[in-house]
Amino acid sequence: MPTVSMTVNGKTVSADVEPRTLLVQYLREHLGLTGTHVGCDTSQCGACVVHMNGESLKSCTILAAQAEGADVTTIEGLANGDELHPMQEAFRENHGLQCGFCTPGMVMSALDLVQKNPDPSEREVREWLEGNLCRCTGYHNIVKSILAGAEALRG
Amino acid sequence: MSDTGIGASVKRVEDLRFLTGNGNYTDDINRPGQSHAWLLRSPHAHAKINAIDTSKAEAAEGVLAVLTGADMAADGVGGLPCGWQIHSKDGEPMAEPAHPPLAVDKVRHVGDQVAIVIAETRDAARDAAELIEVDYTVLDAVTDMDTALAGKTLVHDDVPNNRCFDWEIGDKDAVDEAFAKADKVVSIDLSNNRLIPNAMEPRAAISDFDRTTGRYTLYTTTQNPHVIRLLMGAFVLQIPEHKLRVVAPDVGGGFGSKIFHYAEEAILTWAAAKVNRPIKWTAERTESFMTDAHGRDHETHAELALDGDGKFLGLRVATKANLGAYLSTFGSSVPTYLYATLLAGVYTTPAIYAEVQTVFTNTVPVDAYRGAGRPECTYLLERLVTKAARETGLDPAEIRKRNMIQPDQYPYQTPVALQYDCGDVPASFESALKAADYDGFEKRRADAEKNGKLRGIGISTYVEACGIAPSAVAGALGARAGLYESAQVRVHPTGSVTVYTGTHSHGQGHETTFAQLVSESFGIPADQVEVSHGDTDQVQFGMGTYGSRSLAVGGPAILKACNKVIDKAKKIAAHIMEADVSDIEFADGKFTVAGTDKEMAFGEVSLAAYVPHNYPIEEIEPGLDENAFYDPLNFSFPGGAHICEVEVDPDTGDVEVVNFTAVDDVGRVVNPMIVEGQVHGGLAQGVGQAVLEGCVYDDDGQLLTGSYMDYTMPRADDLPSFSVATQSVMGASNPLEVKGVGEVGAIGSPPAVINAILDALAPLGVEDISMPATSHKVWQAIQASSVRQAAE
Ligand code: FES
Ligand code: FES
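What counts, and where the lines are drawn
- Residues numbered from 1 in each chain as written.
- Chains lettered and ligands numbered in written order.
- Predicted model: local features only at pLDDT ≥ 70, side-chain atom pairs only at ≥ 80, totals over all residues.
- Heavy atoms only, no water.
- Helix = DSSP H or I, 4+ residues; strand = E, 2+ residues; numbered from the N terminus.
- Rg over C-alpha atoms; globule rule 2.2 N^0.38 Å.
- Buried < 20%, exposed > 50% of the residue type's maximum accessible area, 1.4 Å probe, protein only.
- Contact = heavy atoms within 4.5 Å.
- Lys, Arg positive; Asp, Glu negative; His and termini not counted.
- Charge placed at Lys NZ, Arg CZ, Asp CG, Glu CD.
- Domains from an automatic or database assignment.
- Buried area = accessible area lost by both parts, 1.4 Å probe.
- Salt bridge = Lys/Arg side-chain N within 4 Å of Asp/Glu carboxyl O.
- Polar contact = N/O pair within 3.5 Å; in protein donor to acceptor, adjacent residues only side chain to side chain.
- Pairing = 2+ DSSP bridges.
- Right-handed = clockwise from strand over helix to strand, strands pointing away.
- Axes fitted to C-alpha atoms, helices over the stretch in contact; angles between N-to-C directions.
- Patch = residues over 30% accessible without salt bridge, like charges linked within 9 Å, V, L, I, M, F, W, Y side chains within 5 Å.
- Areas by Shrake-Rupley, 256 points an atom, 1.4 Å probe, with all protein chains shown as cover.
- Phe/Tyr/Trp six-rings, centres within 6.5 Å; stacked < 30°, edge-to-face > 60°.

## Considering the overall build of chain B
Part 1: Within chain B, the regular secondary structure consists of 21 helices and 28 strands.
Part 2: Whereas a compact globule of 792 residues would reach a radius of gyration of roughly 28 Å, chain B reaches 28 Å, a difference of no more than 12%.
Part 3: In terms of overall dimensions, chain B has a C-alpha envelope of 95 × 75 × 50 Å along the principal axes.
Part 4: With 792 residues in all, chain B has 64% of them scored as buried.
Part 5: Long-range pairs, those at least 24 residues apart, make up 80% of the contacts in chain B between residues at least 6 apart in sequence.
Part 6: Within chain B, the 110 negative side-chain charges are centred at a point lying 0 Å from the centre of the 63 positive side-chain charges.

## Looking at the domain arrangement of chain B
All names here are of chain B.
Part 1: Domain parsing of chain B yields domain 1 (31-139 + 203-282), domain 2 (298-468 + 634-791) and domain 3 (484-630).
Part 2: Across the contact, 28 residues belong to domain 1 and 26 residues belong to domain 2.
Part 3: Overall, the association of domain 1 and domain 2 removes approximately 2200 Å² of surface from exposure, summing both partners, and the carbon and sulfur fraction of that is 65%.
Part 4: When the area that domain 1 buries against domain 2 is broken down by residue, the three leading residues are Trp84, Phe255 and Phe260, summing to 26%.
Part 5: At the boundary of domain 1 and domain 2, one finds one salt bridge.
Part 6: Of the charged contacts, one joins Glu355 and Lys89 as a salt bridge, the two residues approaching to 2.5 Å between their closest N and O atoms.

## Considering the domain arrangement of chain A
Residue and element names in this part refer to chain A.
Part 1: The domain boundaries assigned to chain A delineate domain 1 (3-76) and domain 2 (86-154).
Part 2: Taken together, the 18 residues of domain 1 in the interface contact 16 residues of domain 2.
Part 3: Summed over both sides, the interface between domain 1 and domain 2 buries roughly 1200 Å², with carbon and sulfur atoms accounting for 57% of that surface.
Part 4: On the domain 1 side of the contact with domain 2, His37, His51 and Ile75 bury the most area, a combined 38% of that side's loss.
Part 5: For the pair domain 1 and domain 2, the interface holds one salt bridge.
Part 6: A salt bridge links Glu55 to Lys116, with the nearest nitrogen and oxygen atoms 2.7 Å apart.
Part 7: One can count nine residue pairs in polar contact (both at pLDDT 80 or more) joining domain 1 with domain 2.
Part 8: Elements that contribute at least two residues to the side of domain 1 that touches domain 2 include exactly strand S3 (49-52) and strand S4 (55-58).

## Here we look at the pairing of strand S27 (residues 655-665) of chain B
All names here are of chain B.
Part 1: Along S27, eight of the eleven residues are buried, which leaves the element largely enclosed by surrounding structure.
Part 2: Pairing geometry for strand S26 (residues 639-648) and S27, over ten bridges, is antiparallel. Within S27, the residue paired with Gly640 across the bridge is Asp664.
Part 3: If you look at the hairpin formed by S26 and S27, you'll find six residues sitting between the two strands, and Gly653 has a positive phi there, around 80 degrees.
Part 4: Note that the unit made of S27, helix H18 (residues 672-691) and strand S28 (residues 723-726) has a crossover that is right-handed.

## Side note on the sheet that holds strand S23 (residues 590-593) of chain B
Strand pairing in a sheet takes place through backbone hydrogen bonds and is either antiparallel or parallel in direction.
Residues and elements named next belong to chain B.
Part 1: Spatial strand order, S22-S23-S24: three strands in an open sheet with antiparallel pairing. The open sheet has two edge strands with one neighbour each: strand S22 (584-587) and strand S24 (599-601). Ignoring which end each strand starts from, the neighbouring axes of this sheet average 20 degrees apart.
Part 2: In terms of strand pairing, S22 meets S23 through four bridges, oriented antiparallel. Opposite Glu585, over in S23, you have Thr592 as the bridge partner.
Part 3: Seen against the sheet, helix H16 (residues 550-576) touches S22, S23 and S24 and runs at an angle of roughly 125 degrees to S22.

## Concerning the environment of B:Val553
Part 1: Among the structural elements, B:Val553 can be located in helix H16.
Part 2: In this structure B:Val553 touches B:Gly467, B:Ile468, B:Leu483, B:Tyr484, B:Glu485, B:Tyr630 and B:Pro632, once residues within four positions along its chain are discounted.

## Thoughts on the pattern of salt bridges
Charged atoms that come close allow side chains of opposite charge to pair.
Part 1: Counting across every chain of the model gives 57 salt bridges over all chains.
Part 2: Residues A:Arg135 and B:Glu693 are paired through a salt bridge, measuring 2.8 Å at the closest nitrogen-oxygen approach. Of the two residues, A:Arg135 sits in the loop between helix H4 (122-128) and helix H5 (140-154) while B:Glu693 sits in the loop between H18 and S28, which places them in two different chains.
Part 3: Accessibility expressed as a relative area gives 0% for B:Glu693, which makes it buried.
Part 4: For B:Asp447, the salt bridge identified is with B:Lys450, shortest N-O distance 3.4 Å. Taken as a pair, B:Asp447 and B:Lys450 lie in helix H13 (residues 441-450) at a separation of three residues, close to a single helical turn.
Part 5: Beyond isolated ion pairs, a larger network of salt bridges with shared partners links B:Arg41, B:Arg203, B:Glu264, B:Glu287 and B:Asp292.

## Comments concerning a negative patch on the surface
Part 1: There is a patch of like negative charges on the surface, built from B:Asp140, B:Asp144, B:Asp189, B:Glu299, B:Asp699 and B:Asp700.
Part 2: Mapped onto the fold, B:Asp144 is located in the loop between strand S6 (133-138) and helix H5 (145-150).

## Here we look at the packing of aromatic side chains
All names here are of chain B.
Part 1: Scanning all chains against the criterion turns up 19 aromatic pairs over all chains.
Part 2: Ring plane angle 75 degrees and centroid distance 5.4 Å describe the contact between Phe289 and Tyr708, whose orientation is recorded as edge-to-face. Of this pair, Phe289 sits in helix H9 (residues 285-291) while Tyr708 sits in the loop between H18 and S28; the two residues are 419 residues apart in sequence, bridging distant segments of the chain. Across the pair, exposure class does not vary: Phe289 and Tyr708 are buried alike.
Part 3: Taking the centre distance of 6.1 Å and the plane angle of 35 degrees together, the rings of Phe330 and Tyr546 count as tilted. You can see Phe330 sitting in the loop between strand S14 (312-324) and strand S15 (351-360) and its partner Tyr546 sitting in the loop between strand S21 (529-533) and H16, a full 216 residues away along the chain.

## Some words on unusual backbone geometry
Part 1: Here the amide bond leading from B:Tyr410 into B:Pro411 is cis, since omega sits at -5 degrees, within 30 degrees of zero.
Part 2: Looking at the secondary structure, you find B:Pro411 in the loop between helix H11 (396-403) and strand S16 (412-413).
Part 3: A cis amide bond, omega -10 degrees, links B:Met771 with the succeeding residue B:Pro772.
Part 4: For B:Pro772, the position within the fold is in the loop between helix H19 (744-761) and helix H20 (775-784).
Part 5: Positive phi outside glycine occurs at A:Tyr139, with the angle close to 70 degrees.

## Points about the sheet that holds S4(A)
All names here are of chain A.
Part 1: As summarised here, the arrangement of the five strands in space is S2-S1-S5-S3-S4, forming an open sheet in which the pairing is mixed. Each edge of the open sheet carries a strand with a single partner, namely strand S2 (11-16) and S4. Strand-to-strand twist of the sheet, defined as the mean angle between neighbouring strand axes without regard to direction, takes the value 40 degrees.
Part 2: Summarising the sheet, strand S1 (residues 3-8) and S2 pair through six bridges and their orientation is antiparallel. When the bridges of S2 are listed, Val4 appears paired with Ala15.
Part 3: Along the sheet, helix H3 (residues 103-116) contacts S3, S4 and strand S5 (71-73); its crossing angle with S3, the most-contacted strand, is approximately 45 degrees.

As structure tokens, this is what we get:
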């Protein structure tokens, strides 16, 4: 089994994995980072979104081996100790989550949006979320959270 | 009062773990020595199994066992039971064909379980499953209800015409009389589209067996762990309760689809003892599509009799409901008692008669999905009433007002069994009309027309029965279980509290809301209260969460236990403060002696209960830990009005929901923030049903909408921001005065959307459109419309 190494949440990690192992499996099963979720098998739900080399990516769409040497951030890497990241805080403040299953992907995706577009309109947020499904919230409060999170990050 | 009590938008305690990736969903759990399962599923909708050769799979690397239905039968494993017995018109009990967890003689839908492979890794199990050779004789499949009822192809050889039962409710003669004297009869034919629930977390389970104690443990994605323990233990595997622990950890959404006892739970639990290893199974989304119970799927013909003033005189309904290939746990109750008992809606229709035939087909079993029966009922009524408005020339708001139950008519006895306890629909209706600026609509229509868009407005009102249910009533109607709820309130020595509830939270935020109830009752901050749910080893008993019952049935159980704690604590306080117990008052977290300045804090009394040095030991026991069971007196009846505005692009058929206003009566609101969130989620599912979602089978029983590429889930850019408000009459059937909110959004919204689309298309002469009203369908309707035809 090949050894795959990368940086995840600032730490260098490495594991021997079958070649067919997806990045999301590597994170969940080999590193125990179960905050990244799997909600589908067709790369459409976005529950698995992480950041790789600074950009959001569905971790079910690439092999772990393709992430060799990459810099990966997962939902576990956002908070600073007990202090939530402003985007996480915005979700909490605005009830942007219910069952929480889509949430890690939503937050990671939202962060990529605001780094590309720090002051998005409601329409832009809704369009950006095309690749993230939520069955609980009707998106109303997710959109509100992301707008609030963007505002907080603009300072 | 504590500022974290009833009525406060307390931020959710659940969020911290979910937001930081520390949730504990079933697939996140791993057991030492765990093996992995893959289920081989039928590729055919209907086929005879002649033989299964597992030898190659068994020999594959890493495989521990390959087991089939024959192995289960040899071990005497029972079939999956149905929890609700219905009787047909003629008094015969419903047909209950066998439902083996692993198929034995036949497979009956695509996705039916054929064999389980257990291996060291999931990939090894999956690879080995490909090596299983199943000799099938493919049979004709039947997917539509009319063909099924013709009975040429039988899903179950022992169920003639594939009819499970033919049930009725109401007074047929009274309805015939009403129609005989009617000035006008309006009729409608419609279907309620089959939906696939799609909780974002796929189902998963981990089973474990401890040889030394003979105890089984099952972690599973369920909404009701005790019900699973009861059904699986007693009916399927014959495991007594004390040897079976069922844990539902964090569950990523349910919407009904995780109520039912699924085959995989029983197969995994049984197999764990066979391989003597924990076994984990997690569904792929494709499996969710073809094995999670689907929702809705009704065909209905209905007729409404009216007098010359537009007053409803009678309603006659004939419905066919698709049950799928097997009776799912509550499949029989959804199209009957959860559907036709609501046919009065919010109206005073004096005579109602409904008959419901249920049909087996070679499709996934159909069961409760958010609203369960009540959305089907509301859709039928509100389409019919809107059609009646058009045919009588009355405004859709006016015809509703003329027929609404007035506030002074409660308790209101309907002609279809239910007695509504309280409500004021005219008030929520007026609020909704105002909030939606109903009177100003024609101007918006005209403005849209200038932009080349067809704008329409649609109204829907509804009432639903929640808080399922008074056990005696449910039992008389065929429920095979009691439907009370239980709670335990454990006050710890220093005054903090753990609450154990038999309900289960899979997104609803019970850990927050229930802590608010205790905060209110004891006058302590909510962060002094921990809510525990989901583990049958911790919680004494429970019926779980569905039918918007958690707060309406589980809440009063908590309140009862809190009151028992207070009663006992008063005795302790009376003893210590040397007063008569009748002089002890409890408020704001303090016990006081009336007319004196003596007081004891809640924590001082709890400490005395556990350190009983100065204690009325002859009268009461030490400790402060109380149980309660609560069985409701009646259902609760949330209701309200939903108004939708759409814009249709006549060139493309594209429908945009531009405004959605909901005013709901949910009784007392404990956490307004959570209540609004529940309504939003329900609305999204309702709008999804109306314009996007629909399950499609081909004639061979292949599921054509088996992935997110084929089944249209509502996305953020399909929906507007919603305008949501509550306008409540306090509930009359439980001491918390709550009614339930989980389903209201999904119940009221689909007809509002379709009525809006039909209003938009009315100038073109389009009179009907079925759900989901996709752009394609709307475009076709426009092309075929009478006005367009006439112009050409
Ligand atoms: S798991 Fe659904 S997109 Fe990756
Ligand atoms: S919060 Fe449950 S899927 Fe989004």
